[in-house]
Amino acid sequence: MSIGVTKMQILSLYKSLMRESQKFSNYNFRSYAVRRVRDAFKDSKTLSDPKLIKQELSFAKANLNIIRRQVIIGDMYKTDKLVIENLQ
């Protein structure tokens with residue numbers, strides 16, 4: 001990783017994405033976002049090309065900002081909880 005990206009930075013970004021994804025008030029959006037973040041990082045786990053790593057990190061940071069905006073918008077238009085959420 002000669003591009004200056006450390007494993008701690010990647011882990012920090014992953015944790016931020018997961019934390020923000022958990023903030024969705026809508027169960028379906030929340031579970032989709034968490035699943036999508038987890039799958040994307042799992043798929044990118046074996047990358048070794050510095051250019052690809054940097055590209056994926058930029059994509060993840062952009063998506064973090066998108067998730068933050070969508071959480072705010074979702075909070076403006078809350079809906080009733082689903083049956084599955086009431087069980088938990």
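Note that the structure is a prediction, hence the values are computed from the model and not measured.

Participant: Quick one: what's the story with the packing of aromatic side chains, residue by residue and with numbers?
Facilitator: The full count for this structure, using the stated rule, is two aromatic pairs. Taken together, a centroid distance of 5.0 Å and an interplanar angle of 70 degrees make the contact between Y14 and F41 edge-to-face. Note that Y14 is positioned in helix α1 (residues 7-21) and F41 in helix α2 (residues 27-43), a separation of 27 residues in sequence. What makes F41 partly exposed here is its relative accessible area of 22%. Look at F24 and F29: their rings are 6.2 Å apart centre to centre, the planes differ by 55 degrees, and that puts the pair in the tilted class.

Participant: Lay out the packing of α1 against α2 in plain terms, naming residues and giving numbers.
Facilitator: Two elements in contact, α1 and α2, have axes separated by 8 Å at closest approach and are oriented at 165 degrees. Taken as axis vectors, α1 and α2 run roughly antiparallel relative to one another. Taken as a pair, α1 and α2 cross one another with a handedness that is left-handed. Seen from α1, the contacting residues are I10, L13, Y14, L17, M18 and S21; seen from α2, they are R30, A33, V34, V37, R38 and F41.

Participant: Lay out the confidence of the model for the protein chain with the relevant residues and their values.
Facilitator: Across the protein chain, the average pLDDT comes to 88, with 93% of residues at or above 70. No element of the protein chain has a lower mean pLDDT than helix α4 (residues 83-87), at 72, and none a higher one than α1, at 95.

Participant: Can you break down the side chain of R30 residue by residue, with the values?
Facilitator: The residue R30 is located in helix α2 in this model. Looking at R30, its side chain comes within polar contact range of the main-chain oxygen of S25, at 3.4 Å.

Participant: Residues and numbers for the layout of surface pockets, please.
Facilitator: Approximately 1,100 Å³ is the volume found for the largest pocket. Considering the residues around the largest pocket, the lining is formed by 41 residues, among which L17, A33, R36, V37 and I67 are closest to the centre. For the lining of the largest pocket, the elements supplying multiple residues, two or more each, are α1, α2 and α3 (50-76). Across the lining of the largest pocket, the residue classes tally to 23 nonpolar, eight polar and ten charged.

Cut-offs and rules
- Residues numbered from 1 in each chain as written.
- Predicted model: local features only at pLDDT ≥ 70, side-chain atom pairs only at ≥ 80, totals over all residues.
- Heavy atoms only, no water.
- Phe/Tyr/Trp six-rings, centres within 6.5 Å; stacked < 30°, edge-to-face > 60°.
- Helix = DSSP H or I, 4+ residues; strand = E, 2+ residues; numbered from the N terminus.
- Buried < 20%, exposed > 50% of the residue type's maximum accessible area, 1.4 Å probe, protein only.
- Axes fitted to C-alpha atoms, helices over the stretch in contact; angles between N-to-C directions.
- Parallel < 35°, antiparallel > 145°, perpendicular 65-115°, else oblique.
- Left-handed = near helix turned anticlockwise from the far one by under 90°.
- Contact = heavy atoms within 4.5 Å.
- pLDDT = per-residue confidence, 0-100.
- Polar contact = N/O pair within 3.5 Å; in protein donor to acceptor, adjacent residues only side chain to side chain.
- 1 Å grid on protein atoms, 1.4 Å probe; cavity = no way out; pocket = protein on both sides within 12 Å on 5 of 7 lines; lining within 4 Å.
- Points joined across faces, edges and corners; volume = space filled by probe spheres on them.
- Nonpolar A, V, L, I, M, F, W, Y, C, P; charged D, E, K, R; others polar.

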